[in-house]
There are 2 protein chains.
Amino acid sequence: LEIGAYEAVRALDEKLHYADRAEIMEELSEELRQTYFELLDFEEASEVLEEVGSELFSELIEGMDEEKRSKVIDNMSQDDIVDKLSGLTEEKQEELLSYMDEDTASEVETLLEYEEDSAGGRMTKDYVTLTTEMTIDIAIEYLRQNAPGAETIYYVFVTDEAGILTGVISLRQLIVASPETKISEIMNENVISVYDDEDQEEVARLFSKYDFMVMPVVDKEEKLKGIITVDDILDVIEEEATEDIYKFAGSSDLEIYEEDDASWLRVVRSVRSRLPWLIITIFGGLLSGSVVARYQGTLDANAALAMFMPLLAGMGGNVGTQSSTITVRSIAVGYVEGKEAVRTFFLEVATGFAVGLVCSVIVGLAAMLTNSSTVISLIVGIAMFSNIVTAAAIGTLVPMIFKKLGVDPAVASAPFISTTVDITGLTIYFSLATVLIGKWMI
Amino acid sequence: LEIGAYEAVRALDEKLHYADRAEIMEELSEELRQTYFELLDFEEASEVLEEVGSELFSELIEGMDEEKRSKVIDNMSQDDIVDKLSGLTEEKQEELLSYMDEDTASEVETLLEYEEDSAGGRMTKDYVTLTTEMTIDIAIEYLRQNAPGAETIYYVFVTDEAGILTGVISLRQLIVASPETKISEIMNENVISVYDDEDQEEVARLFSKYDFMVMPVVDKEEKLKGIITVDDILDVIEEEATEDIYKFAGSSDLEIYEEDDASWLRVVRSVRSRLPWLIITIFGGLLSGSVVARYQGTLDANAALAMFMPLLAGMGGNVGTQSSTITVRSIAVGYVEGKEAVRTFFLEVATGFAVGLVCSVIVGLAAMLTNSSTVISLIVGIAMFSNIVTAAAIGTLVPMIFKKLGVDPAVASAPFISTTVDITGLTIYFSLATVLIGKWMI
């Protein structure tokens, strides 16, 4: 790069948002990255660092000179620093902590101790608090001075002298109130908070229910410990949805990778996540096979029965997966509680009934067209209907029972349900066939 | 309820958040609901109305006297009104619009014309704008007067005289700047906006990428038309994830119901959403059946082959579903683009390879234990391995190809993939069996 090109890059760059710059950085070679990064002043550098992944963060921090580094770290949002550090090994964490001043390092260390997916792990300590006794004009002046370091000043929490959370006030309220009013007179005392060990999914649910911008995090003594802002919650909601989807497919959140993870690591994680479910499928499949073996006599005598095995097993699996997916998701977003659960069960079975009627007629007719034995067609049709209703019932009940037992309903994954339904479906099919063929064909 | 009880309810109630009050209202009988609702002043009533469903909204609005109604509507957030109205029939919409003053009614009507899931459908017109020529002190005074009606004043957009969006300024910047500075001097000119016809999913992606609190919506001439706040985006992200999950199970967003939908309506929607995929499954199943029929000779000669059919089909289906689910989700969250697609494909196939090795050994050994013919065990093992690798490849490729063709990748749903993989799996199994048994057993 020549000097002219530098300037061109700079000029272009100033129009770009930091998130876009970070994306460009990830694409560059290490050398170009360093060169480019050195062009940024400390404010720009810290904004870009907030947006990059853990690995790149550590690489860039290490490449800086000491003075710039301390300024950059000071300017970064604390919860972002914690986020990057938690993606690194302990040695790396120690090393990076040693670059920070004592206060920041100890705050970051406290935050690192929380579970990553708890309220404590998501919160930041970059906030300002007001006290009940302040007047509005003093409070505004206080905010003016302390605003630069804080994550948000649009909603400010109020504590008493002991640090116990007592209220919340919006900047909007502060601005429209008369200067000599006391905070305690206009603050909202019914402030909804979360405990620091609360699961992030529950925190996200509260944000979404109450349309919050920010929420206070307290310890068991109601002392204010930190705040969580809504921008972090967007990520949580997306992450939790991805986790549910992965679990559903018979995998796990282990597979949610960072873009800079090595290829072999991703394969190892994928195999580790998926293999357990597949091994369960193997045993389920062998069980289904033993059902077939048990009715080998019926099958040998009526070779046409084999032809409809894949169809029956496949339909059962799909109907079961539909019911269980929708039930698991409905539980996750809070639709299925109390008497709603009973209603949902009956609605799913009713759906199974309707779907079963349509499908069994189609399949029965198709069987007659391809095979022409009325008895076999009848057997296939009746088995299809019973199979679909059973699959819908199993798909709905299993996640509900798991939920009741305190097991994650998402364990009722597609592989689990379709394997279970394969076994019931084949049993229904062959026992029906054995009985009816015995009755009607002799 | 006696007077004493009234007071108790009121006292309890004042501590509750509006979202909780709305939840309680949904549970009450119609009569109690009206009684309770009449106890609220117009500010409380409007907050509660923002939180209830469409049906209840229309019931409560109709039950109010004219004076309170106009105050309540005036006090409600406009995007919430639009949200409720869009859930009602056109006649109901007309009726409710007639209760509003002319300005509000015409703004609401404009918003109702946008697609519900577009930026225009999600935006509100309750906002204040500043102009470039204002000084800070005038701007603050202007905000102070206009704040009560606005959805947010923490980030305020700046327009020129023609109404064209030219910048953004935060309340924080306004408060720390000196009073005689001009807006144009300190505003941020690189404001990221969305067009009014942009899809809500893309809007959510931008919010999440840039950590925005609010985004401006413009028309094709860059004129500011409305704003979208982050609280509405939380719902969008959750809704889109649910939609993806439902599509994945071979259903559709039609099934995302409102809590007060009638039971029969939910069943009809479920059947309509799921049946198409199940009918595809039927034809896929018949095709699989025709594969079995084609190899009936091989099957008759080696009855033990039938026993492993459910296992092979089931494993293929599950591996294919895992790969396709993870690929569809990775595409949705933006992980799989350009050369990442090629890498993802190879990683999935590598995973299939590893998983296939482990599973084929287990299945081969299990076959030897239960059946004892070495040839059949070998056939089952080899078929299992090929089947898993093929399933992983199909599960990854199909959503990518759909994406390339401009089809929603989520169409590669679990029923679709498992049906496809059933056919390839059985073909591999029986053709291998026919060839190998012919070679080794004669």
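In this report, the structure presented in the accompanying data block is examined. Since the model is a prediction, treat every value here as computed from it, not as a measurement. Sequence order as written defines the numbering, with residues in each chain counted from 1. Each chain gets a letter, beginning with A, and each ligand a number, beginning with 1, in the order they are written. pLDDT decides what is reported in this predicted model: residues at 70 or higher carry local features, side-chain atom pairs at 80 or more are listed and counted, and totals for whole chains, interfaces and linings draw on all residues regardless. Neither water nor hydrogens contribute to the side-chain values; these are computed over all heavy atoms in the structure.

So, about the packing of aromatic side chains. The criterion for an aromatic pair is that two Phe, Tyr or Trp rings (for Trp, the six-membered ring) have centres within 6.5 Å, with stacked assigned to planes under 30 degrees apart, edge-to-face to planes over 60 apart and tilted to the rest. Taken as a whole and judged by the stated rule, the model has 19 aromatic pairs over all chains. Ring centres 5.3 Å apart and planes at 35 degrees place the aromatic pair A:Tyr210 and A:Phe212 in the tilted group. Using a 1.4 Å probe on the protein chains alone, a residue whose accessible area is under 20% of its type maximum counts as buried, one over 50% counts as exposed, and one in between counts as partly exposed. Overall, A:Phe212 belongs to the buried group, its relative accessible area being 17%. Taking the centre distance of 5.8 Å and the plane angle of 15 degrees together, the rings of A:Tyr295 and A:Phe430 count as stacked. You can see A:Tyr295 sitting in the loop between helix 16 (263-294) and helix 17 (296-301) and its partner A:Phe430 sitting in helix 22 (residues 414-440), a full 135 residues away along the chain. Comparing A:Tyr295 with A:Phe430, the two get one shared label, buried. An aromatic cluster of at least three residues, connected via ring pairs, comprises A:Tyr154, A:Tyr155, B:Tyr154 and B:Tyr155. The residue whose ring lies beneath A:Lys220 is A:Tyr195, and the NZ or CZ to ring-centre distance is 4.1 Å. We count a stretch as a helix when DSSP gives it H or I for four or more residues in a row; a strand needs E for two or more, and each element gets its number in order from the N terminus. A ring is considered to have a charge above it if a Lys NZ or an Arg CZ atom is located within 6 Å of its centre and within 35 degrees of its normal.

Right, let's get into the relation of the copies chain A and chain B. C-alpha atoms of residues with pLDDT of at least 70 in both copies form the basis for the least-squares superposition of the copies. Its rotation angle being 180 degrees, the transformation that places chain A on chain B also includes 0.1 Å of axial translation and leaves an RMSD of 0.1 Å. In short, the pair behaves as if placed about a two-fold rotation axis. Comparing interface residues between copies, 100% of those in chain A also lie at the interface in chain B; the contact surface is shared. Only heavy atoms enter the contact rule, under which two residues are in contact if any of them lie within 4.5 Å.

All names here are of chain A. Most of strand 5 (residues 214-218) is tucked away: five of the five residues are buried. Criterion used throughout: strands pair if DSSP finds at least two bridges between them. Looking at chain direction, strand 4 (residues 194-195) and strand 5 are connected through two bridges and run parallel. Across the sheet, Tyr 195 pairs through a bridge with Val 218, a residue of strand 5. With five bridges connecting them, strand 5 and strand 6 (residues 224-229) associate as antiparallel partners. Among the inter-strand pairings, Val 218 is bridged to a residue of strand 6, identified as Leu 224. In this antiparallel pair of consecutive strands, strand 5 and strand 6, the connection spans five residues, and Glu 222 shows a positive phi of 65 degrees.

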